[in-house]
Structure formats: C-alpha cells, structure tokens
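# An overview of the molecular structure
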Amino acid sequence: MTFSRELEAKFEKLITRYPPGRQRAALIPMLLYAQDEVGAITQEVVEEISRRLRVTPLEIEEVVSYYSMLHKEPRGKYHFQVCTNISCMLLGGQELFEYLKGKLGIDNGGVTPDGLFSLEEVECIGACSWAPALQVNYDYHHFVTRDKLDRLIDDLRKVQ
Amino acid sequence: MLYNEPSPLEVRILTRRFGLPNSQSIDTYLATDGYVGFRKALEMPPERIIEEVKISNLRGRGGAGFPAGLKWSFVPRESPKPKYIVVNADEGEPGTCKDRVLMENDPHQLLEGMLIAARAVGAETGYIYIRGEYRYIIEIMDRAIEEAYARGYLGRNILGTGMNFDVYTHTGAGSYECGEESALLESLEGKRGQPRIRPPFPAVSGAFGCPTVLNNVETFCAVPAILRDGGVAFAELGTPRNGGTRLFALSGHINRPGVYELPMGFNLLRMIEEVGGGIRGGRKLKAVIPGGSSCPVLKAEECDLAMDFDSVAKAGSMLGSGGVIVMDETTDIVKVAVRVMKFYQHESCGWCVPCREGTIWLRKILERLDQGRGRPGDIDLIEEISKNMLGRTFCPLGDAAAMPTISYVQKFREEFEARLPKPVAIEAEPLVVL
Amino acid sequence: MAGLVKLTIDGRSVEVPAGTLVINAAKTAGIEIPAFCYYEGLALQAACRMCLVEVEKAPKLLTACTLPVQEGMVVHTDSPKVAEARKAMLEFLLTNHPLDCPVCDKGGECELQDMTFRYGAGESRFLEQKVHVPEKQFSPLVYFDAPRCILCYRCVRICDEGLGVKALGVVNRGVSTEIGPNAGDHLECDECGMCIDICPVGALTSGRYRYRTRPWEMEHVGTICTHCADGCKTTLGVRNGAIIRANNRNRSGLNGEFLCIKGRFGFDFTEHPERLRSPLVREGDGFRAVSWAQAVALVARRFGEIRSRGGRFGVIGSNRTTNEENYYLQKFARRVLGTNNIDHPRTGDVAALVDALAGRPGAWATTADFYQTKAALVIASDLAQQHPLLAFQLRANWRHHGLRLYVVTPGPVREDQYSVRSLRAPEAESLAAAQTLAEELRREPELVVLFGDAVKGEAVRRLVEFGDSLGIPVKYVCLVDYSNSRGAADMGLLPDLLPGYRPAAEPGLALPEMLADPALEALWVVGANPLKDASLAAEAAFVVVQDLFLTETARRADVVLPAASLYEKSGTVTNVCGEVQRLAKALSIPGTKSDLEIFGMIARAMGAEIGPARPEKVFEEIRTSVAGYNVPLPVLATGGAAQAAPSGGRLPVKWRPELIRPARNTLFRSGSLGRYSKSLNIVIESPGELYRA
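Residues numbered from 1 in each chain as written. Chains lettered and ligands numbered in written order. Predicted model: local features only at pLDDT ≥ 70, side-chain atom pairs only at ≥ 80, totals over all residues.

### Considering the environment of Glu257(C)
All names here are of chain C.
- Mapped onto the elements of the fold, Glu257 is located in the loop between strand E13 (242-247) and helix H6 (261-265).
- Judged by local crowding, Glu257 falls into the partly exposed class, with 18 C-beta atoms found within 10 Å.
- Here the alpha-carbon distance between Glu257 and Asn247, two residues 10 residues apart in the chain, equals 7.4 Å. (Helix = DSSP H or I, 4+ residues; strand = E, 2+ residues; numbered from the N terminus. Buried ≥ 20, exposed ≤ 12 C-beta atoms within 10 Å, placed from the backbone.)

### As for the interface of chain A and chain C
- Residue-level contacts link 7 residues of chain A with 8 residues of chain C.
- Taken together, the residues that form the side of chain A that touches chain C break down as 2 nonpolar, 2 polar and 3 charged. (Contact = placed C-beta atoms within 7 Å. Nonpolar A, V, L, I, M, F, W, Y, C, P; charged D, E, K, R; others polar.)

### Description of helix H12 (residues 388-401) of chain C
Residues and elements named next belong to chain C.
- For H12, built from 14 residues, the straight-helix expectation of 20 Å at 1.5 Å per residue is met to within 8% by its first-to-last C-alpha distance of 19 Å.
- In terms of residue burial, H12 counts as a mostly covered element, since 10 of its 14 residues are buried.
- Every buried residue belonging to H12 is among Pro388, Leu389, Leu390, Ala391, Phe392, Gln393, Leu394, Arg395, Asn397 and Trp398, and all of these are buried.
- For H12, the secondary structure elements touched by its buried residues are helix H4 (154-162), helix H10 (367-372), strand E18 (375-379), helix H11 (383-386), strand E19 (404-409) and strand E21 (447-451).
- One or two steps after H12, the chain reaches Gly402, where phi turns positive at roughly 75°. (Expected span 1.5 Å × (residues − 1).)

### Structural notes on the sheet that holds strand E2 (residues 125-130) of chain B
All names here are of chain B.
- If you walk across this open sheet you meet the 5 strands as E3-E4-E2-E1-E5, and the pairing is mixed. Edge positions in the open sheet fall to strand E3 (155-158) and strand E5 (212-216), since each of these has one partner strand only. For this sheet, the mean inter-axis angle between neighbouring strands, taken without regard to orientation, is 20°.
- As paired strands, strand E1 (residues 84-89) and E5 are joined by 5 bridges and run parallel to one another. Of the residues in E5, the one forming a bridge with Val86 is Leu214.
- Its contacts with the sheet put helix H7 (residues 135-150) on E2, E3 and strand E4 (163-171), and the angle it makes with E4 is roughly 165°. (Pairing = 2+ DSSP bridges. Axes fitted to C-alpha atoms, helices over the stretch in contact; angles between N-to-C directions.)

### Structural notes on the confidence of the model for chain C
- For chain C, mean pLDDT is 96; residues scoring 70 or higher make up 100% of the total.
- Our summary of model confidence lists the complex with pTM equal to 0.95 and ipTM equal to 0.98. (pLDDT = per-residue confidence, 0-100.)

### Regarding the interface of chain B and chain A
- With 48 residues of chain B at the interface, the matching set in chain A holds 35 residues.
- The element that contributes the greatest number of residues to the side of chain B that touches chain A is helix H13 (residues 333-347) of chain B, accounting for 6 residues.

### Observations regarding unusual backbone geometry
- Along the chain, Arg198(B) connects to Pro199(B) via a cis peptide bond; the corresponding omega equals -5°.
- For Pro199(B), the location among the structural elements is in the loop between helix H8 (181-188) and E5.
- Positive phi values are uncommon outside glycine, yet Phe143(A) reaches one of about 45°.
- Tracing the chain through its elements places Phe143(A) in the loop between strand E4 (139-141) and helix H7 (146-159).

Written out as structure tokens, the structure is:
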C-alpha cells in the first residue's frame, strides 16, 4: 500500500533515528502516524509495516492490542476523548461525558452514523489543572462546559 | 500557552521564561541565559557535572524521588557501548500536567538539560518519549530540536568542542504503564509497554541494552539552572535532601487551579489557600491527594505539611509527581476510590498476577459497593485484597493501585459503610468449594 | 569456573555456584519453591509471583526465580509471610479461572490444582462475575481456552526460544490479556504441540486428546517414536487398547520433553480404518482374507519350492523395524534363502562414514553433543523439518552456551535465524561450499558436522579429510531419515555388508537391481514400499509383503501379512547418532503380528533352524556378534540410550551413491506411514516443503 508523500518522508526519517538493527523501535510511531492518515490500523497497514520493519504481524498485533490509542476500527472524523479521571471527575467530567453520549446519540466507543463523530471515555490526558478537559483528535479543550461543547459541535458540523 | 495566571508566591526557576514573548524560540532562550549551563558543563570534567547535580539535591520529579546525580553516577563511563539519554515525557499520573507546560513553554530548557546529562555520561543520542496524546508538544519539541541543530547546539561537533549529540522525539500510543522507566524502554524499542526484570537497571542496561540516563522532563529541566547557578544555590531553594523548586499541579475543588513552581517544602495548606485561592464556593477542605492518584489520600487535618519527599512520606503518603488534587467536603470518597481503581485496572499491563487480577477484583467490588450492592465484609475484603497486592507485584503499578485504596478505606471507612444496604436481607455465603 | 556461594535456606546451609538462582539453590537442598512462570531453560518472567520468598534484610518479599544467590544470604521459604503470599497469589489466579476442575481436560495433572491443594486457601472470597471469553481453536491440534490461562507465558517462550517459530504471542492488556496465534485467528507453525504440553493448566489442549479420558485412567508406556531417525522417547497414553495421546512430560529419553508433531500426534496410524488385520492371499485381481496358518504355510511352501530349485530371491527390509527384526531377516535371507540379495531403502550413506571413520569410534557424535559442542556445521539438511530434535538441541545450545553454527544448504532454513554463517549452495556443490568455510572453522575449538544425503559415497571420505585438515576435534553424524534407518545398515540389510559392516563374500543385488531383475522368482518386502515409484520387472515373481497397510507394494503381493507397528512390539532401535534404545510395547492390534514373530513362523514352517524369534534372544546375539553393539544392558533396561559406534577397519566396497535415495520428509510427511496419520494430514501446514524456512 502507499502512504502520502509527507508520511513517507516522515517514515524515512523515523527509521534512521534508531541504532542499526533496531528499526523495530519505529513501530509504535509508524503505527500511530499511519493510523492518523488511514483512519485505522487496517490489515494492509499491518502488512505494510510488517514488511518495512521486518516485524511479524503477530508482533504488531501484540503492540496494537496493547496501546489504547491504536485501533483497528475506523473512528469518527472528530474523535471526542472525554477525560473522566479524578481531577476532571471532581469538576463534572463524568457528567460531560454522559451529556455527550446523549447529544451525539452514541455510547462509549460509538461512531455517529454519518461518521462525523465518535466518542471515547479516556483516562487522564494531562490537563488536570484546567479540568474538565477533553481532546478532539489531538486538540485540547480546557475548562469545558456544556455550552462550550454545544458550540464546538456546531462549529465542527459547519466546517465539514 | 499558559492556562492559568502565575502566582506571586512562585519561585520561578524552571518556569522563569513562561509568559515571555516567543518563549519557545531559541532566540528568546539564548537571550535569557539559555545554554549557559551547558557551556559551563563543556568546561567541566564529567565527574564534576555529576557532582554538581548531586550537590543540588535534585531528586527525580517523576514520582519516586531518587537522587538524580546518584542515578547518573551509575552509568559505567568506560562501557564500550553507546550511551543514551532518555526523557520520560509520558506524563500520565492522574492529577499531573506539569511536564506538558515545561515542554510547551520552554522546550530548549529540556534540550539543554539533556545536553548536560549527555556531557556528564558520554552519551551521543537522546530520545524524548512523549505520550501520544501530546501530539502538539511533539511538534513544539521537534521545532526546538531543529533550531538547536541549526545553531550548532545539537548534531556533530557541538559548538566546535567535538561533542556529538542527536536528539529525537518518540511518540507513545496510550499506556500509563509506559511511565514506568523499564516499560518505557520496552515501548521505545517497539514492544508492549511491559516492565523489565531489574536489575539490570537502565543506567547499566537501558535503551537497546545500553547504559542509559532516564529521567523525568522536570528533572532534566532543573539541570540547566543547577549548572548555571551552582548546585548549592539550587539546593538552598528547598529543604534538606530536597533541593530546588518543584512544579505543583493544583487541581480539583480549588479557586485557582494551575501549575505553579514553588520551593520544595512549601506548606500544603498555604498552597491550597494562598496559591490556589482556597476551596471553591467557600466550602471546607475534605482531603488532598498530594502527588497524583497513586498517593495515599490525606485528610484535611493532615494537610498542614511541608511538601517535600521526606515530609510527605512521614505523613504516610508520597510527594509523587506533584499532582495536588484538592477535594472539598462534598466529595464522594467512594466514587473517588472507584474512579481511581477503574484507572489502574484499565492501565494494568496484565503481566503479573496480583496486579492483573487484583485491580479487576477491586474494581468490581468497589463499583458494586458504590451502586448500593455491597455485602457485609466487602470493606475488609477491599483492604485485604489491596494488602495482598502491596509489595508483591512486578512493578510499582500494583502498589499505586493498592496504596491509595487502603487509605480511602481506612481514612473514610464510614463513607464506605454508609453505602452498604441498610437491612441486610441475605448474608452471602462464601463459596465452600473452590 | 565460578566460585561457590554459601547461603542459608530455611535454616539449611547450601553451597552453590555463583550466579545460581535462589529457586534452584533451594532445589539442591530439596526445598521446593513453587512457580508457574519459572521454567528451566527459558527466559525469566517473574510474572506469577508464586516464588516470593523472604530474604533477611530485604524490605519486601523477592522472587526466587530472578534472585541470584549471595554470600551469607538468609532465605525463608516457609515463613508465615511467604505462606500468606502464596495463598494470596493462588486466590488471585483462581478469581477469573473457571472452578470446574471435574470437567476440565487438565484435571488430575494440573499444576494450578496441585498448587492450590498444597498452598492455597480452602475457600474462595471472590463473588463477582468472572471474565469470560469463548474457547478458540488455534488448529485441529491446538485449542485455547483463555479463561483457564494463567499467563505464565511458557507456551510463548517454548515456541519462540525453544523452536524459533514464534507462533504465539501476548495480546490485549490487563485482565483481557491472552495468548494469540500468529495467523490472525489460527496457528501456522510446526504443530508440535509443545505449547500444549508445557501449559500448566487446561488453557492449551490437544485436539486429539481433549475430553477423551482422565489422565489416571491411562497406562503410560515410554517407547521410541517410529517416525524420524532422531530417536525421541514418546510416552504413549494407552486406554482400552488404544493410544490416546503421546508426550514426554517425565523428560526421559534423549529428547527431554521435546517432541514434534510426529512424536506427539503421529501415533494415530495405529487405529487407521485401513489398517490390515488379517493375512491376505491374492485371488485374481483381489485378495482373500485367510488365517495366519494358511498364509504362513503358503509362503513357506513357495519359498521352499523356489529355494529347492535354486531360484532367485530378493529381500527388502525396513528402516522402521527393530534391530532384532533386521538382524533376523538378513540371517533368514543369507542362511535360509541363501542369498545376499538383501537391501533396504537407504536414505543416507552410513557405510561410507563407517569406512571414512575407520578406527575412530570417538568421532561419532551423540545427541548430547549437539547441546554441548562449541561449533557445528550443517550440510544439506533442513534440520528443523528433517531432524527436529537435533535442531531443538542446537538451538538450545546456542541460547544457553552460545553455539556457533554454520549452515550450508540449498535453500533457507530456520537455523539461519541464529547461524554465524549461512551459505546457499545446490546439494551437489554443498561439500565444496562447506570447504570455503575452512578458515573460520579452523578457529573453532571443536566441531560437529551433520551431513544430509547430498554427501555420499566418495564425498563422505573427502568430507572427513576436510575435517581432519581443520586441525580441531571433529565429530560427525550421517543424517538418515527413519526411526531405524541406522539400525538397518548396522544390522546388515545391505547386499555387500553383513551385520557390523563386515564385507560379504559375494555381494548380492541392491534394491533397484532386484526390482529390475526379470529373473527374480521371489520378492519379500518387509515394511517398505519400493513399488510406490518403481515397477517390478519380474512379473511372475512370488511377492510377499509384511506391512501395516495395503501400500502400492502390498497391492502387488501374492501374500500380505499384517504387521505390528513399532508401538506394538518390543525390541531395540538405533537412532541417527547410533544410539540404541529399547522399545516398550504399548498395545496389540488384533490380527497383526510383529515382523519378528512372522519371520519365526515362516522359519518354523520351512523347518529352518536360525534361532528363537524372540527379541531378547536375538538382541543377545546382536550384542555378541555385531561390532559396536556390545552396549550395557542396564542402560537400555532403565530406558537409557547407549551409542553403538562401528569400530571396524576400512570397508572394501564399491561406492554406489546412486543407491542413496532420500526420503525428503517434511515435518508433516513420514514416508508411506505418514499417509495414514490423520494428524499429519489435517493440519493446514501439511504437506509442507523443505528449504522454505
């Protein structure tokens, strides 16, 4: 399979960062970056990376199934990751998560039928002092309220 | 860039450039004593650098508080193998968000700390292992690295001294366990984030089986100031055996949550009241988790306490990663205990028996209790299971799950008891046969 | 040599070499420290936490499996703290483990059961819902039931470290962690079943054995595998006259616990529906079942007639029958039938090596040498497929002692994974290619050379000369293909060599010559299938075949005599390294007889006097008359192996390399016999291919 030119350039650099014979070290970054582009760790992605890094598909499966950010099923274009861990919980993170479930009409791990949104309850994302917080894809949103969420979702609907 | 206003009580050493225009850029950095510590280090014999760090009483900021200079001194300088500097930027301890702002606001400070460490142990390559969620931080660090190469602070023959040092960022992909140093190294090598058998420790056999200095972001960030102003000056900022300042992330039911740099030994109640602006809504303080969710909880009356490693340990908890989680009188401790265990259960790597099975068992009992389906004996059982995990797991994650749980049950037992169904209908018989 | 370290364990003073782990130090003092994940010879895990011990001055309990002994260390393995920790670990293990031992396939031989019995609590405090996932079929031979798995990772390590296959991995995390196969939802591997055997609980079970019996209902018979030449001990579990499973958990034999698919699952030919259970006599195009008395009388009468008119006999023996049978058969041919027209399907040129190593009995490598030698050279063999035990031994040697392996093969082999040098050369050029390694080999302290059928005839002598030129001690193994190929040669199933490689006065016809001889009047084939890919020129010849199945050769027979397999008889066999081992009879298939018994019946019917056809008697004769076979009986009697190294002088024979015809069996093929093993044929990897790594 082929990746975008930018991703190929990134991969090329990535592999040279590790000592000779240790190119497997590039595995997790490659999987994550490929997932960002393809949308999921598909069978083709596994086979391609397996070939490039000389790592068996089983070794890749061991890794993919371990890390919570890696996933084999596609997610929504905007993936809402709501932190409900303690600092966020104390300030209403759990309630925000429940609110989002209702608003998007999907459960934890779900994707809206139009493929636009998906929802995931996540562990601490390192925004404790600015709680409650969530990430949409890689973007942080701090001091989140229901109003802010409503506006954010409206905006995202408009962009697409 | 800054998500909270600074406090006038702060002693800004590591955060001194926060808020400056273009604080991420190397120009700003160089204009504000940047790379001065490194230049000094270049003039010093490596042993002297390590000595200076020892004098500073800098203790690991990741959570364990191990003296950094001592850790560096374990690296066998004479080993023919390449040596590595690895930065633990897998910030994941609930309640902690300080490494993120350090990298976001002053990326060159981290690079300079790495350079000094590289100089001290003779390393030529460094990796910054950054949690995957911090994608924008990775981009900031990558830009800073590019600048440093362009200005001759990284790469071959650095500043004409013959020193070589390459630095790369490396993304994680979602695993709290990778904050444990040996699991981080496994992950860096492209494997599951499962801890390694130790010894050997990373100083002897770390990244790619080679001697490695592995420290937290904040630990490295303290090093430039130590070299620049001297270890003594840094040590004097704090309390005995606890040198310097520390970034505290205040969160929870507090008026001014945020990341603040305060001297080691700063009083916790003052921190809450004067730095954090007190409890929201004028409510009363109930409890504080002083250093991230792995630390035993402190009741309000235990909080008149100097925040350094030794004092907090004496009070029966840990300074940990500096994540101060403040809970007011309305806080439901059972829910806190449930949420904390849910986290550890989710993050348990599954390698060893007591952590894998203990966390799920505890989670199930706690959730059941929270939902009003508790059974007599559950509270004692929670404590016993936790104690059965304690000190017996492969890595500290088991302890991190057990210790706070024991503290919740012991210190707030009445709240757990209140959850038990009032009239006990049927006493559950223990299973007689296995 | 490491110095000794003195420590105290449970009050007992123990002295062990520096570097010894506490768990093993305790063992030397007879103190058992329980463990699931610790497994001798495999990488350390410290995952099960069962071996936690109390060490004085240590703040917490330590895992004895990762703790090297230290001078003056004081260890307690029986303190209340330790007992409490063990109890806790077992309680944790049992929380999500099904407690249905009465219906678990592993019940009765489960380590978790045993440990709980010894160290566990009598009751469970776990009242939550267990984590459940459905059972999976990894292959027709391997099933995985995740809830039973205690994640000791033994299976993962034996497959990776032991076999070099890496077909099992660890997937998911936390309480969802389980063992995963390498091909998505199934296994593509050697199907050796080592993972099943090494599993301490009922998580990995055998597709052929599961739920067929309780372990204590079986009789366990340790005998030698009938398939390849490596001579693995396989312990057959027999119940109601049928073999239900095979393994070698007691680690007896040369192979320890190792077995490949053939040794572990390839016993099922014994109960194949096409198994011959009655003598057959030709009747037109078909056969008629007759009694043994009728069949033997017919053979004796025809043999007698042909002998009395001086007719020409041809005798083809087997490389799967016992030494006693082979010896008796050649004696029968030479003494009773008066012919040297005797041969067997030769898969390696043992005689050429006997000649080249004349007077050097110490130059014959043993199975143990593969685990100990500093260096080895493999020439023209896909070891992992053709000699799985030798491959396993070499790999273990590399892992434990840093063996330096050199490989010269026509295609990729698994040994390339760790060899210091791998050369690719067509079989015909493999010796020449190996010779290019002279400089490197000369720097090794010692060497074991393993060579396949590509090196034969004169080339064997050149190989030994090459070995001599290296100036280091060199040992050799001529790789033959079947369980008693070596014994067939040693016992003189050769037209030009008598037992012990004594030259025959008048060499007879070799195997292909017999088939091509139109004047042949009788052909007697025992446990071989020469007509599978050849035809018999003598159309009128009287053909007698002894076999388990109606093979291509048997179909041409006038009389077919149903024979017992190696698992159904006693006697001895000689493996690829010349190691003699004793068989144990595991079962009888009604209607069949051992080949030796059949020979005896025919001899008696012909009035021939060639001694009693009883294995012990024949072996006694072998011991006294066959050079090298004067092996110590107690060693054999106690299940050991004794090497019979030929010790004669040079052989005055004409080399005929064209007579060496390799079997080219893969892991999933085993000559004609392999066709009747369901296990070897139902796995997706079957039939496999050599040199595909």
